[in-house]
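Analysis of the macromolecular model
The residues making up each chain are set out below.
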Amino acid sequence: MIDNNMIFFARKGNDEQLGDRIIMRPDMANKHGFICGATGTGKSVTLKVLAESFSQLGVPVFMSDVKGDMAGVAMPGADSEGMQKRIDRFDIRDAFKYEGYPVSIFDIYGENGIPLRTTVSEMGPQLMAQVLDLNDTQTELMQVIYKIADDLGLLLIDTKDLKAMLQYAADHSDDFKADYGNIAQQSVSTMIRSIVALESEGADKFFGEPAIDIRDFFMMAGDGRGIINILDAETLISQPRLYSAFMLYLLSELFELLPEVGDPEKPKIVFFFDEAHLLFKNASRSLLDKIEQVVKLIRSKGVSIFFVTQSPGDIPNAVMSQLGNKIEHALHAYTPAEQKVLKAAGDAFRENPEFKTDELIQNLGTGEAVVSVLDEKGAPTVAEHAYILPPESRMGALTEEERRQLIEASPFNAKYGEMVDNISAYERITGKISNNAAPVSTAGGMIPTIEIESSVEPAPHTAQEAAGDVVADPLGGTVIGTVRDVTSAVGEKAEAVLGTTEMRRVARTTGGSIGREVGKAVGEAILGKKGRTIGGNIGAQLGRSLMGTLTSKK
């Protein structure tokens, strides 16, 4: 970047020297934008230059790398005669220097970057239905399955949890029918087949724990530059449903996580969505409405979104109207349909009396673009014929050794490197752990109990717990004792009062219900709304365990 406060392009001048610079104002960057153009016209270089500029401003970046070359931003660029000519032509010799930028590389499959995961619960039923390409009826059933799992306190972490939950609901459809409606075995079977097909595409690696903490994308380097977070998507892009659903999930999570900030001096994070047409292709009306809502409202939370695609026509009009900063590289128009797209691309800009925009777009060279940005009042400038400044980082890809070193040096490698298979719906339903779940009351009656008996217990969290069944303060305080310590003094009196089998069952049920409500409150206080299910599940198990111990016969 050539200035600490602005992001530049160079206006078209004479053949020897370019004209004045075109400024993209950081305080207008969160009004979103697009980068469009045919293959080979320079979109990747433009994306890299913008990422460098935002990083220099102290703004973190998240971007997908569908060709495998964007991670080269971590390394300094290489000098050459051609680069020297460009530096002189742009008149930036005093300010330009070759340098690499702070980078974190992620990969859903964990092969070319740090594993990046989320859980089935966090993805949500609507996006999950989109990933599985479900019809309207199956989408509604997916929402019901999520609701049942939540009511039963069953965690949906990975795909085997979702399959187990679907089959369990189908097997107990008569019990659930009054409260949730009919659960057709045929629909469930179709949905399970779709999940199996998705697993073959790598979803078994994507859904799991530890799930990504979106706040990690806001990390800053020690020198104050924003970290450029790169999603290696060379493999993922061949699975467009999973790719688009994940990217939309990130946007939705950012929208829910961040507070309102109004009009900041610069964005909190900039999000580049490459191959953006995949987000909108075959999307349902409800999903498109959600996308439009997120794009419209997320800018007030300091998030800037740039859609990167070949044609502006790939972006719905309702979304396009929210994009203030526009960078259009060359488009080719050899057919009537392509000429119509070209005309629409030109109409997206304010007219410049010096040229016809659509004609110019068709004749742009590599590295040239038609650019319109927002001025200090937020109004779009007229279309300008511009050249993109050269990147300071490497234009090519990383070597395998460079990539390996970056991944191993990242603090996120230790946090997310190994997948953990925690106790969740699958383990509880299939009998992998010991569980005495109490029935859960609903408006229509009782949800059937999941009764499981097994000798397998959850792994202790600490060595102290392994030694003595430690009961820890849920708010993170000191250890308050063990189950044996707490119950030994009252065991005999408890048996005298609650000694019958029926009373013990009632006690366990009551303890589980109370524990669930307390756990939900504690979980929400610590983790927000996402902690309710986790806290409720843990609280219910502790409540049942404690009351079961208090009322057990000697």
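Residues numbered from 1 in each chain as written. Predicted model: local features only at pLDDT ≥ 70, side-chain atom pairs only at ≥ 80, totals over all residues. Heavy atoms only, no water.

Re the overall build of the protein
Stated formally: A run of DSSP states H or I qualifies as a helix once it reaches four residues; a run of E qualifies as a strand once it reaches two. Both are numbered from the N-terminal end. Relative accessible area decides the class of each residue, using a 1.4 Å probe on protein chains only: under 20% of the type maximum gives buried, over 50% gives exposed, and in between gives partly exposed. Values of accessible area rely on a 1.4 Å probe in the Shrake-Rupley scheme; residue burial ignores everything except the protein chains shown.
Counting its regular elements, the protein contains 22 helices and 18 strands. Here the protein, with 554 residues, has 51% of them falling under the buried criterion. With an accessible surface of roughly 25200 Å², the protein has 51% of that area assigned to carbon and sulfur atoms.

Thoughts on the pattern of salt bridges
Threshold: Between Lys or Arg on one side and Asp or Glu on the other, a salt bridge is scored when a side-chain nitrogen of the former is within 4 Å of a carboxyl oxygen of the latter.
Per the stated rule, a full pass over the model turns up 18 salt bridges. A salt bridge links Lys147 to Asp151, with the nearest nitrogen and oxygen atoms 2.7 Å apart. Here Asp151 and Lys147 lie together in helix H5 (residues 136-152), a separation of 4 residues that amounts to about one turn. Since its relative accessible area comes to 18%, Asp151 is described here as buried. In this structure, Lys415 engages Asp216 in a salt bridge whose closest nitrogen and oxygen atoms are separated by 2.9 Å. Of this pair, Lys415 sits in helix H16 (residues 411-416) while Asp216 sits in the loop between helix H8 (185-206) and strand E7 (228-232), and the two are 199 residues apart along the sequence. The exposure class of Asp216 is buried, given its relative accessible area of 9%.

With respect to helix H6 (residues 159-171)
Put simply, the rule is: A helix is expected to reach a length of 1.5 Å times the quantity of its residues less one. Contacts between residues were defined by any pair of non-hydrogen atoms, one from each residue, lying within 4.5 Å.
Taking 1.5 Å per residue, 13 residues should reach 18 Å; H6 reaches 18 Å between its end C-alpha atoms and fits that length. All buried positions along H6 are accounted for by Thr159, Asp161, Leu162, Ala164, Met165, Leu166, Tyr168, Ala169 and Ala170. Buried residues along H6 sit in contact with helix H3 (120-123), helix H4 (125-132), H5, helix H7 (173-180), H8 and helix H17 (425-430).

Looking at the packing of aromatic side chains
Centre distance and the angle of the planes are the two values used to describe a pair of aromatic rings. Note the cut-off: Pairing of aromatic rings covers Phe, Tyr and Trp, the last counted by its six-membered ring, and requires centre-to-centre distances within 6.5 Å; plane angles under 30 degrees mean stacked, over 60 mean edge-to-face, and any other angle means tilted. By the criterion adopted, a ring carries a charge over it if an Arg CZ or a Lys NZ lies within 6 Å of its centre and within 35 degrees of its normal.
By the definition in use, this model includes 18 aromatic pairs. For the ring pair Phe96 and Tyr98, a centre distance of 5.3 Å and an interplane angle of 85° mean the geometry is edge-to-face. The class for Tyr98 is partly exposed, based on a relative accessible area of 25%. Put simply, the rings of Phe62, Phe106, Phe217, Tyr243, Phe271, Phe273, Phe280, Phe307, Phe412 and Tyr416 touch in pairs and so form one group of aromatic residues. Directly above the aromatic system of Tyr387 lies the positively charged group of Arg89, at a separation of 4.8 Å from the ring centroid. When the ring centre of Tyr101 is taken as origin, the NZ or CZ atom of Arg225, which lies over that ring, is 5.0 Å away.

Brief notes about the side chain of Gln239
Its place among the elements puts Gln239 in the loop between E7 and helix H9 (240-257). The exposure class assigned to Gln239 is buried, which follows from its relative accessible area of 18%. Beyond its immediate chain neighbours, meaning those up to four positions away, Gln239 contacts Tyr109 and Glu201.

Side note on the confidence of the model for the protein
Counted only if it meets this: pLDDT: the predictor's confidence for each residue, scored from 0 to 100.
Confidence in the prediction of the protein, expressed as mean pLDDT, is 80, and 76% of residues score 70 or more. Scored below 50 in pLDDT, residues 434-506 shows 116 contacts in the model against residues more than four places distant or in partner chains.

Here we look at the nonpolar core
What counts here: For our purposes a nonpolar core is just a set of buried Ala, Val, Leu, Ile, Met, Phe, Trp, Tyr and Cys residues, chained together by side-chain atoms within 4.5 Å.
Within the largest apolar cluster, 101 residues are counted, with the highest numbers of intra-cluster contacts made by Met165, Phe246 and Phe307. Ranked by the residues each element gives to this core, the list is headed by H9, at 10 residues.

Remarks on the pairing of E7
Note the threshold: Strand pairing is assigned whenever DSSP identifies at least 2 bridges connecting the two strands.
Burial analysis of E7 places 5 of its 5 residues in the buried class, the great majority of the element. By the bridge criterion, 5 bridges tie strand E4 (residues 61-65) to E7 in an arrangement that is parallel. Paired with Met63 across the bridge in E7 is Ile230. Two elements, strand E5 (residues 103-107) and E7, share 4 bridges in a ladder whose sense is parallel. Counterpart to Ile105 in the pairing with E7 is Ile230.

Observations concerning the pairing of strand E8 (residues 269-274)
Of all 6 residues making up E8, 6 are buried, and the element is well covered by its neighbours. Across the two faces of E8 the burial is the same, with Ile269, Phe271 and Phe273 and Val270, Phe272 and Asp274 all buried. Taken together, the 3 bridges between E4 and E8 define a ladder with parallel strand orientation. Bridging from a neighbouring strand, Val61 pairs with Val270 of E8.

Observations regarding the environment of Ile237
For Ile237, the location among the structural elements is in the loop between E7 and H9. Residue classification places Ile237 among the partly exposed positions, given a relative accessible area of 22%. For the pair Ile237 and Ser64, spaced 173 residues apart in sequence, the C-alpha separation works out to 9.6 Å. Setting aside anything within four residues of it in sequence, one finds Ile237 in contact with Val66, Tyr243, Glu275 and Leu278.

Observations regarding the packing of H9 against helix H11 (residues 285-298)
How we decide: Here an axis means a line fitted to C-alpha atoms, over the contact stretch when the element is a helix, while the angle between two N-to-C directions is reported on a 0 to 180 degree scale. Our angle categories are set so that under 35 degrees counts as roughly parallel, over 145 as roughly antiparallel, 65 to 115 as roughly perpendicular, and the remainder as oblique. Helix crossings get a hand from a simple test, with the near helix turned counterclockwise from the far one by less than a right angle marking a left-handed crossing and a clockwise turn marking a right-handed one. Residue polarity follows a fixed list, in which Ala, Val, Leu, Ile, Met, Phe, Trp, Tyr, Cys and Pro are nonpolar, Asp, Glu, Lys and Arg are charged, and the others, Gly among them, are polar.
Two elements in contact, H9 and H11, have axes whose closest approach is 10 Å; the angle formed by their N-to-C orientations is 45°. Relative to H11, the element H9 lies oblique. Two packed elements cross with a definite hand, and for H9 against H11 that hand is left-handed. On the side of H9, the interface is formed by Leu248, Leu251, Ser252, Leu254 and Phe255, while H11 contributes Leu287, Lys290, Ile291, Val294, Leu297 and Ile298. Among the residues making up the contact of H9 with H11, the classes are represented as 9 nonpolar, 1 polar and 1 charged.

Focus on unusual backbone geometry
At the junction of Glu209 and Pro210, the peptide bond is cis and its omega measures out at 0° in the coordinates. Turning to its location among the elements, Pro210 is positioned in the loop between H8 and E7. Positive phi outside glycine occurs at His32, with the angle close to 70°.

Focus on H9
Turn by turn, an α-helix covers 3.6 residues, leaving residues three or four places apart pointing in a common direction. In a regular helix each residue adds 1.5 Å, so 18 residues correspond to 26 Å; H9 covers 26 Å between its end C-alpha atoms and thus fits that length. Of all 18 residues in H9, 13 are buried; the element is thus mostly enclosed.

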